Each structure stands twice: as C-alpha cells, then as structure tokens.
Amino acid sequence: MNAADDPAMMDLLVEVSDTLVADLETDALLQWVTERGVQLLSAQVAGIVLADARGVLRLLAAAPEYTEQAKLFEAPSAPPHWCFATGETLVDADLDDPDPRWAVFAEQARADGFRSVAAVPMRIRGEIIGTFSVLRDRAGPFSAEQLRLTQALANLATVGLLVKRDTGYRTVLAARSQHILMGRVAVERARGILAELLDTDTDTALQELRRHAMRTERELRATAIEVVRRLPTAGRGISTVPVLLVQAITMTSPLAPLRDLVRQRLSTGGLSGSALDSFLLAIHEAAVNAQQHAGGGWLWLWRHNGSVWCEISDRGPGLPAGFTIPDGSQDIRRQHAGLWLIRRICPDLRMTSSTSGTRLLLRRSLPAHSSGSPFADSGAAG
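Source: prediction; values computed, not measured.

> Explain the pairing of strand β1 (residues 45-51) to me, please; I cannot follow it from the model alone.
Residues in a regular strand project their side chains so that they alternate between the two faces of the sheet. Within β1, seven of the seven residues are buried, leaving the element largely enclosed by the surrounding structure. Side chains V45, G47, V49 and A51 project from β1 onto one buried face, and the interleaved A46, I48 and L50 project onto a second face that is buried too. Taken together, the six bridges between β1 and strand β5 (residues 127-136) define a ladder with antiparallel strand orientation. Among the inter-strand pairings, V49 is bridged to a residue of β5, identified as T131. Direction of pairing for β1 relative to strand β2 (residues 57-63): antiparallel, over a ladder of six bridges. Along β2, the bridge assignment pairs A51 with L57.

Written out as structure tokens, the structure reads:
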C-alpha cells in the first residue's frame, strides 16, 4: 500500500508539510516531533537531546512535556548517549535483559515502568548533533517501518534547526538551544516558586502552571517566565503585572490578612469602590468555603482580557452529585449560602466539582479607564 492509499499516512504527510512551512518557533516544532513520536510509535515517552558546545547532551524537548521520566534520556549510560557516540540506530527490545552497555539505565527505566527503548541519530552534513529516542512500557522489537518513521521524525527535528540556511548551522544550533534551554529553566524555576507559594509538591505545582497557561492562552514557557519575573515579591512593583497573587489557604491561617492582601492587589490591579468591595466579598466567601469544607485550598488572582480573575480551588470531597446553586434566597441552605452570594456577585461564575476537589472561577470586568490587561487582544480565560 502506498501513501496515497493510506488516509492516516496522507494526514501525516499533510501535517508535516504544513508544519514545515508554518512560522513556528523551533521549540514548538521540536515539541511537535516528540508528541507525534509518542502517538505514531505507540510509545509512552519521546525525547530529543542535543549536544551543547561542550558536547554534553541536553534534553530540549519531550512528550509528555516536563515529565520526570524524560530525564532518563540524559542519563550518561542511556542508549541516546551510545547512539550519539556511534551514530548508529540502537534498539533494546527487552530491558529486563538489557545490553550491558546501558545496564544502569535499564534498571532506572524498569523502575519507571518502561520495557523497551529505541534511539536514532540526528545528523547535519554527516555530523551527529543529537538523538531522538522513545520509551515504551512493553517489551518487543521495533519493526523496520517504525524505525524508519523514528528516523524521519528525527530528520524533521533536524530540519527545524536549520531554518536560516545563510547562517552556519553551529551558530543557529547554539542560539536555538540556548533559547529552548532558557525556557526549560524558567519552567523549573516557576514550578519551584509555585510549590513554595502553594505549599505543595513540584509535580502539582507544574499542573497548576499548565492550567494557568491554558486559561490565559499562553505558552507554558511564556507563562513560567511571567511567574518568575513578574510575580509580586518584596520590593517589586505590581502595577503592571498580570499575575497579581498566588497564595495557599490553610486551616490554621487566619483569612483577615489574606483578605487585606487581596484587597491591595485588586486595587493595584485596577478595581476600586463598590466593584472592588463586592469582588473581594465573593473571593472571601470562596476562601471560607475552601477552608471550612476542604481544610484549605489555593488562590490565584490575575488580570486578563480586560478583567480581573480569581480561582479558588481545593482538594475536598466535592459537592453532592447533581448539586446546583439555589436560584432564590428562600431555597438557600445554610451551608450553601456562600455559593449563592458568590454567584449573585459574579453571575458568570464557573464551578467544577468532583470527589477530588472543587474549583471556582470568578471574574470582574475592569473599568474602561483602567490600564486593564496586558493581554487584551487574547481570548477569554477559563
């Protein structure tokens, strides 16, 4: 069967051609390659490592993005390093009985649930500059077709590093690698900052960072840089920052100081008068609910698309199945009065609840004379 007879292959060829002519940043293209590697090769993790100026292999892209397992590709004994050194495609179909060259890597990979690996070289004019690799959670050989597809994806990633043909590829590679690595460093720093602010682990902090990137329709890297550079800290102004406040809510912490801090940030964020007072009341009620019914939670406060937004989330048992906020005051039960009041103040309240927790998303429009959001041209949050 040729490509014209295979709809899936035709779709892939069209997507590849569109990707090559699109005005994509190199890191976005590399990320696309790893994501397609996971999808097309039925793998669980895919990664691209490139050699820096000293010849040290550094992870530049991985799918799923920023997972701890992807760091296996950087391990000194990993097959990608042997692939880089030899220039040969390397496959280990059963990590329970690994090649002695990467026995230490195999032990680590098995501990993370992986049973097979493949690595192919990335070449520029005959020189090996890095490798593209995939990990699978099952043992078994890679077919010849799968290895050809793996090499094709590696070649596509290489092309993405040569977008400026009038410039020496080493210069392009160094600049692109530095740009991508700075983004990865920013994400690592941001997740550490958020873990401390939210009093949680770094994996959960990364999930929250992803959520904020999605609701403001920004790339994860850009969101991380924003958090690292602009999140209000001691001695740093907050008049123009989009992220106004990230705070943990605990059972032991009094809410009065938090309420005062939120008031300050709402004021510097562009709200005043009755608009500020009513929005502050809604936020306070949401924080009280999180504290009383879930033992605490998290508060995010930010500006976006001409509004001030606040999300209060918790890890409580959630609301009863089929629960809806009462429409009239005569239907209010004591334990749900806060939600009724919040929706009265914020009619477009968005609420999601499950057995793993509840999230409330509140919005208040900024007045026309306010400086508003620096992202006024982007889509709505949520």
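Back to the text.
> I tried to follow the packing of aromatic side chains on my own but got confused; where do I start?
The way to describe two aromatic rings as a pair is by their centre distance and the angle between their planes. If you walk through the whole model with that rule in mind, you get one aromatic pair. Judged by centre distance (6.4 Å) and plane angle (10 degrees), the rings of W302 and W309 are stacked. Overall, W302 belongs to the buried group, its relative accessible area being 0%. Across the ring face of W309, the terminal group of R363 is positioned such that the distance to the ring centre comes to 5.9 Å.

> Would you take a moment to explain helix α4 (residues 103-111) for this structure?
Of the residues making up α4, those classed as buried are F105, A106 and A109. Along the long axis of α4, the arc covered by the buried residues comes to 100 degrees, so they all point the same way. In α4, those exposed residues whose orientation departs by more than 90 degrees from the buried face are V104, E107 and A111. In the core, the buried residues of α4 are packed alongside α3 (79-86), β4 (116-124) and β5.

> I would appreciate a short explanation of helix α5 (residues 144-160) in the present structure.
Three- or four-residue spacings in an α-helix give side chains the same orientation, since the helix completes a turn every 3.6 residues. If you check α5, its first and last C-alpha atoms are 25 Å apart, about what 17 residues at 1.5 Å a residue would give, namely 24 Å. Every buried residue of α5 is accounted for by T150, Q151, L153, A154, L156, A157, T158 and G160.

> What am I meant to see in the pattern of salt bridges here?
Should their charged atoms come close, side chains of opposite charge can pair. For the structure shown, the criterion picks out 14 salt bridges. Beyond isolated ion pairs, a larger network of salt bridges with shared partners links E208, R211, R215, E311 and R359.

> What's the story with the sheet that holds β2 in this structure? I'm lost.
Each strand in a sheet pairs with another by means of backbone hydrogen bonds, the pair being arranged parallel or else antiparallel. Ordered by their spatial adjacency, five strands build an open sheet running β2-β1-β5-β4-β3, and the pairing between neighbours is antiparallel. Two strands in the sheet have a free side with no partner beyond their single neighbour: β2 and β3 (90-92). Strand-to-strand twist across the sheet, computed as the mean angle between neighbouring axes with direction ignored, equals 20 degrees. Across the sheet, helix α2 (residues 26-40) is in contact with β1, β2 and β5; its angle to β2 comes to roughly 60 degrees. Its contacts with the sheet place α3 against β1, β2, β3, β4 and β5, and it is angled at close to 150 degrees to β5.

> Looking at this model, I keep getting lost on the sheet that holds strand β6 (residues 243-250). Mind explaining?
A sheet is described by the order of its strands in space; here five strands give the open sequence β6-β7-β8-β10-β9, paired in antiparallel fashion. Each edge of the open sheet carries a strand with a single partner, namely β6 and β9 (350-354). Ignoring strand direction, the axes of neighbouring strands in this sheet form an average angle of 10 degrees. Where β6 meets strand β7 (residues 296-304), seven bridges bridge the pair, whose relative direction is antiparallel. Bridge pairing links Q247 to L299 in β7.

> What am I meant to see in the nonpolar core here?
Burial of nonpolar side chains together is a common tendency in soluble globular proteins. One finds V262, L266, F279, I283, L299, L301 and L362 to be the most contacted residues of the largest nonpolar core, which totals 34 residues. Of all the secondary-structure elements, those providing two or more residues to this core are β6, α9 (255-269), α10 (273-294), β7, β8 (307-313), α11 (337-345) and β10 (357-365). For this core, the element with the highest residue contribution is α10, accounting for 10 residues. Excluding residues within four positions of it along the chain, L362 makes contact with F279, A282, I283, V308, W309, C310, I342, C346 and L349.

> Looking at this structure, I do not really get the packing of α9 against α10. What am I missing?
Two measures define how a pair of helices packs: the angle their axes make with one another and the distance between the axes. The geometry of α9 relative to α10 is characterised by a closest axis approach of 10 Å and an angle of 145 degrees between their N-to-C directions. Judged by the sense of rotation from one axis to the other, the crossing of α9 with α10 is right-handed. For the pair α9 and α10, the contacting residues are L255, R259, V262, R263, L266 and S267 in the first and L276, D277, F279, L280, I283, H284, A287, V288 and Q291 in the second. A class-by-class count of the residues in the contact of α9 with α10 yields nine nonpolar, three polar and three charged.

> So what exactly am I meant to see when it comes to the pairing of β9 here?
One ladder, built from five bridges, connects β9 with β10; its direction is antiparallel. Paired with S354 across the bridge in β10 is G357. Connecting the antiparallel pair β9 and β10 is a turn made up of two residues.

Basis of the calculations
- Residues numbered from 1 in each chain as written.
- Predicted model: local features only at pLDDT ≥ 70, side-chain atom pairs only at ≥ 80, totals over all residues.
- Heavy atoms only, no water.
- Buried < 20%, exposed > 50% of the residue type's maximum accessible area, 1.4 Å probe, protein only.
- Helix = DSSP H or I, 4+ residues; strand = E, 2+ residues; numbered from the N terminus.
- Pairing = 2+ DSSP bridges.
- Phe/Tyr/Trp six-rings, centres within 6.5 Å; stacked < 30°, edge-to-face > 60°.
- Lys NZ or Arg CZ within 6 Å of the ring centre and 35° of its normal.
- Arc of directions from axis to C-beta.
- Contact = heavy atoms within 4.5 Å.
- Expected span 1.5 Å × (residues − 1).
- Salt bridge = Lys/Arg side-chain N within 4 Å of Asp/Glu carboxyl O.
- Axes fitted to C-alpha atoms, helices over the stretch in contact; angles between N-to-C directions.
- Core = buried A, V, L, I, M, F, W, Y, C linked by side-chain atoms within 4.5 Å.
- Left-handed = near helix turned anticlockwise from the far one by under 90°.
- Nonpolar A, V, L, I, M, F, W, Y, C, P; charged D, E, K, R; others polar.

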